[in-house]
Amino acid sequence: MEFAFTPEQEAFRRAVVAFCRREIEPIAARCDERGEYPLHLFPTMGRLGYLGVKFPVEYGGAGEGNVTYAILAEELGRASAGIALGIYVHVALALTAISVFGTPAQKERYLRPGIAGEKIGAWSFAEASAGSDPAAIVTRAEKVDGGYRISGTKLFTTNGPFADFVVLTASTLPGQGIKGLSLLIVDRDTPGFTVARRIETMGMRAAQTAELCFDGCVVPREALLGEEHRGAAAA
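What comes next concerns the included structure. No experiment lies behind these values; they were computed from the predicted model shown.

## A short note on the side chain of Thr172
If you trace the backbone, Thr172 turns up in the loop between β4 (165-171) and β5 (181-187). For Thr172, a relative accessible area of 12% translates into the label buried. A distance of 2.8 Å separates the side chain of Thr172 from the side chain of His229, its partner in a polar contact.

## A short note on the pairing of β4
The buried fraction of β4 amounts to seven of the seven residues, a majority that puts the element mostly inside the structure. Residue alternation in β4 divides its side chains into two sets, Phe165, Val167, Thr169 and Ser171 and Val166, Leu168 and Ala170, and both sets are buried. The pairing of strand β1 (residues 121-124) with β4 spans four bridges and is classified as parallel. Of the residues in β4, the one forming a bridge with Ala122 is Val166. When β4 meets β5, the two strands line up antiparallel, connected through seven bridges. Residue pairing across strands places Ser171 opposite Leu181, the latter belonging to β5.

## Regarding the pattern of salt bridges
One pass over the structure, following the stated rule, counts 11 salt bridges. Linking Arg22 and Glu23 is a salt bridge whose minimum nitrogen-to-oxygen distance equals 3.4 Å. Glu23 sits in the partly exposed class, given a relative accessible area of 25%. A salt bridge links Glu75 to Arg78, with the nearest nitrogen and oxygen atoms 2.9 Å apart. One end of the pair, Glu75, and the other, Arg78, are both in helix α3 (residues 66-79), three residues apart, so they sit about a helical turn from each other. Overall, the relative accessible area of 4% leaves Glu75 in the buried class. Residues joined by salt bridges that share partners form a network here, namely Glu10, Arg13, Glu75 and Arg78.

Calculation criteria
- All residue numbers here refer to positions counted from 1 along the written sequence of the relevant chain.
- Whole-chain, interface and lining totals are the exception, using all residues; otherwise, since this is a predicted model, local features are given only for residues with pLDDT of at least 70 and side-chain atom pairs are given and counted only at 80 or more.
- Hydrogens and water molecules were not included; the side-chain quantities draw on all heavy atoms of the structure.
- Strands here are runs of E lasting at least two residues and helices are runs of H or I lasting at least four, both read from the DSSP assignment and numbered beginning at the N terminus.
- Exposure categories follow from relative accessible area, calculated using a 1.4 Å probe and restricted to protein chains: below 20% of the type maximum is buried, above 50% is exposed, and the middle band is partly exposed.
- Here a polar contact is taken to be a pair of N or O atoms separated by no more than 3.5 Å, where protein atoms must pair a possible hydrogen donor with a possible acceptor and residues adjacent in sequence count only if both atoms sit in side chains.
- For two strands to be treated as a pair, DSSP must find no fewer than two bridges joining them.
- Counted as salt bridges are all cases of a side-chain nitrogen of Lys or Arg within 4 Å of a carboxyl oxygen of Asp or Glu.

In structure tokens form, the structure reads like this:
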């Protein structure tokens, strides 16, 4: 089976290559050495339309789909794996979850500014006892009047030190394993939500990862992303 990029996709690839040579390659080694993420790239890539290539036009995206996004991801990774990881978590995890499962109000609040690079997202899944095993997640999201009270700790959250919001996996039915998980969106300024510490990594150090703590962090019912108790399937 033969495959080739369309002329438009090839033109996009060339534009991204030029962007990477101009904006990323000159700073890639320094960012890795110092463990620094170039946050200015989010609004810059937003203005260029790069963060929204795979998202609907009605929310500021280009509607080009996953092949065009894969071209972007490949060229960013060629220039700097660490910098590419921060963009990947923002676009392919946080914004994609909101694009697929979000309400119109959630898309206006997070997807549109995320595409513009005005808000940065993170994906908060792993825990001390639950790396890639969702059944072992112990972070709780207990129902309270008008919303949920979140209690728990997340590890290795890429973009965690600077994200404006996180998409969080938490148990809304304790004892039910993956059958009781839900996704919730938590804003950085929510009381009880803190960045406990930056976690140093051996490689890809430009991508900043953190331990996040949720200490009785109350979010409104509108923070639920997708169906309640269906978060494992969504994730």
